[in-house]
Amino acid sequence: MSQEIILASSSAIRAAMLRQARVEAAVRPARIDEAALRSAMQAEGARARDIAAELAAQKARKVSAAHPQALVIGSDQILEHAGRIHSKAGTPEELRGQLDELAGQTHHLHAAAVICEAGRPVWRHVSSVALTMRRMSPGWLDDYVARNWPEIRHCVGGFMLEGEGIRLFSRIEGDWFSALGMPLLEVLDYLAERGAISS
């Protein structure tokens, strides 16, 4: 019998990526204080990619402690622009401000995945993707946020590349799955190497 796989995330797109790859994974979201951890690491001068990795590790470690026999995947994504880390917008107005700031600019998404077993990390990977946003008319952006707010409010940067949010961009350089939120190819490679999935 293959080892149980658990995704320690509430992200619908991460769960969908695994499901579409025919990986059976239980979904058990980890409850951690992401904002406090992010702020503490920023105060210490940590790099954005290291913050993403630590958030992913904390999620995986917490769920792994309760399920020590399983391989637990934690994943997180950090948006960095001009040396500043962006958090998820709390209101449509805040999101509009973020989109105005990013318009016509290139920003980076750092997507991390950490796999824990018996409460300790056994594998990690961080992938960085560069995204260049087009300049859109203020009216279109207003309508975009209004149409999509219920879904995009859960996304860092306020866009869902698998939906209408793809229209915000003129160029994406890097791994597509990492842009969506998790370095899937590397995760699958490790799971196959471990014999947790067939290959």
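Everything below is about the structure shown above.
All values reported here derive from a predicted model rather than from experimental measurement.

A. Main features of the packing of aromatic side chains. Evaluation of the coordinates by the stated rule reveals 3 aromatic pairs. When the centroid spacing of 5.5 Å and the interplanar angle of 25° are considered together, the rings of Trp-123 and Tyr-190 count as stacked. Here the residue Trp-123 occupies a position in strand β6 (residues 120–133), and Tyr-190 occupies one in helix α7 (residues 184–194), the gap between them amounting to 67 residues. Its relative accessible area of 17% is what places Trp-123 among the buried residues. Classification of Tyr-190 by relative accessible area gives buried; the value is 8%. Measuring from centroid to centroid gives 5.5 Å for Trp-140 and Tyr-144, while their planes differ by 10°, and the two rings are stacked. Taken together, the residues span about one helical turn, with Trp-140 and Tyr-144 both in helix α5 (residues 138–152) at a distance of 4 residues. Note on Tyr-144: relative accessible area 0%, which makes it buried.

B. Looking closely at the pattern of salt bridges. If you walk through the whole model with that rule in mind, you get 11 salt bridges. The salt bridge involving Glu-4 is made with Arg-28; its shortest N-O contact spans 3.8 Å. Linking Glu-4 in the segment before β1 (5–7) with Arg-28 in the loop between β2 (26–27) and α2 (34–43), this pair joins segments that are 24 residues apart in sequence. Owing to a relative accessible area of 39%, Glu-4 belongs among the partly exposed residues under this scheme. By relative accessible area, which is 35% here, Arg-28 ends up partly exposed. In this structure, Glu-164 engages Arg-167 in a salt bridge whose closest nitrogen and oxygen atoms are separated by 3.8 Å. Judged by relative accessible area, Glu-164 falls into the partly exposed class, the value being 21%. Taking the relative accessible area as the measure of exposure, Arg-167 reaches 46% and is therefore partly exposed. Via salt bridges that share partners, Glu-34, Arg-38, Lys-59 and Asp-76 belong to a single interconnected network.

C. Region of the structure containing the side chain of Glu-117. Along the chain, Glu-117 falls in strand β5 (residues 106–117). A distance of 3.1 Å separates polar atoms of two side chains, one belonging to Glu-117 and the other to Arg-194. Residues within four places of Glu-117 in sequence aside, it is in contact with Gln-3, Ser-64, Pro-68, Ala-70, Leu-71, Val-122 and Arg-194.

Procedures and definitions
- Residues numbered from 1 in each chain as written.
- Predicted model: local features only at pLDDT ≥ 70, side-chain atom pairs only at ≥ 80, totals over all residues.
- Heavy atoms only, no water.
- Phe/Tyr/Trp six-rings, centres within 6.5 Å; stacked < 30°, edge-to-face > 60°.
- Helix = DSSP H or I, 4+ residues; strand = E, 2+ residues; numbered from the N terminus.
- Buried < 20%, exposed > 50% of the residue type's maximum accessible area, 1.4 Å probe, protein only.
- Salt bridge = Lys/Arg side-chain N within 4 Å of Asp/Glu carboxyl O.
- Polar contact = N/O pair within 3.5 Å; in protein donor to acceptor, adjacent residues only side chain to side chain.
- Contact = heavy atoms within 4.5 Å.

Read these as geometric descriptors, not functional statements.
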